[in-house]
Amino acid sequence: MAASPDMKRKSIVPAPEGRKSVITRPSLSGLLGGSSADTLGGISGAGLKGLLASKRFARNMRMKRDVKGLYRMTPHTLPRKSVLAKKPDILLENTYKTDPDEKFATRNSAVRKIVNEVFDELLTGVVYSADQCANITLDASDAIKDRVKLLNIDRYKIITIVHIGEMKDQSIKLSSRCLWDTSCDTYFTVEYKTPTLFAIATVYGIYQE
């Protein structure tokens, strides 16, 4: 039995004075020949079951789609540029060398020359001041490390520590302890003095296997 045009359309039921009109639509029973109508605020039992079933079906379909990885890309789900960027090609595999081709100890004179040059540039004519020398200590340490790296001593990690103090006829003793391979790893210590201050730089060369 075909539903009449009037049953397919929504109708507005006039409300008593002081109340809002209610929009109604034909119910399942009305389409099947019944006379009852559901309002938008109340759904019949059969309509509610159908609505819940459709929601469950849609949810299951979304879950299956997500599991397969076929989700829609949105601005929130797009990968970051770092993920999309092409990784650099690995040209060489690790050689697993346990001994260096050139040991850091063979560059003793070159390293000491670099330290003395940096101290000459940064400390010549400087009168000791705690605040000023604190900054010079950082600058000297970075400059020494960068210049020693230019020697291109392969597979060595360079560590530089600089101390600056005031000259007051005092004595000072610096010490360090390291866990390393004595056949490859070593360090150099260079002292520098002016009338008002002293500087001590220690440069460590640690072989990276």
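Conventions and cut-offs
Residues numbered from 1 in each chain as written. Predicted model: local features only at pLDDT ≥ 70, side-chain atom pairs only at ≥ 80, totals over all residues. Heavy atoms only, no water. Helix = DSSP H or I, 4+ residues; strand = E, 2+ residues; numbered from the N terminus. Expected span 1.5 Å × (residues − 1). Buried < 20%, exposed > 50% of the residue type's maximum accessible area, 1.4 Å probe, protein only. Arc of directions from axis to C-beta. Contact = heavy atoms within 4.5 Å. Pairing = 2+ DSSP bridges. Axes fitted to C-alpha atoms, helices over the stretch in contact; angles between N-to-C directions.

Participant: Quick one: what's the story with helix 5 (residues 108–123), residue by residue and with numbers?
Facilitator: Look at helix 5: 22 Å from first C-alpha to last across 16 residues, which is about the 22 Å you get at 1.5 Å a residue. Looking only at helix 5, the buried set comprises Val111, Ile114, Val115, Val118, Phe119 and Leu123. Along helix 5, the residues classed as buried sweep out an arc of 130° about the axis, all on the same side. Away from the buried face of helix 5 by more than 90 degrees, exposed residues Ser109, Lys113 and Glu121 are located. On its buried side, helix 5 packs onto helix 6 (130–149), strand 4 (156–166), strand 5 (186–193) and strand 6 (197–207).

Participant: Before we move on, can you summarise the side chain of Thr202 with the specific residues and values?
Facilitator: With respect to the helices, strands and loops of the structure, Thr202 is situated in strand 6. For Thr202, a relative accessible area of 11% puts it in the buried group. For Thr202, the contacting residues outside a window of four places in its chain are Ile159, Thr160, Ile161, Tyr187, Phe188 and Thr189.

Participant: How would you summarise the sheet that holds strand 6 if you had to cite specific residues and measurements?
Facilitator: Taken together, the three strands give an open sheet; going across it, the order is 4-6-5, and neighbouring strands pair in antiparallel fashion. Two strands lie at the open edges of the sheet, namely strand 4 and strand 5, each paired on one side alone. The mean inter-strand angle of the sheet, taken between neighbouring strand axes irrespective of direction, is 15°. Pairing geometry for strand 4 and strand 6, over eleven bridges, is antiparallel. Considered in strand 6, the bridge of Glu166 is made with Leu197. In this fold helix 5 packs onto strand 4, strand 5 and strand 6, with an angle of close to 35° to the strand it touches most, strand 5. On the sheet, helix 6 packs against strand 4 and strand 6 and is oriented at approximately 150° with respect to strand 4.

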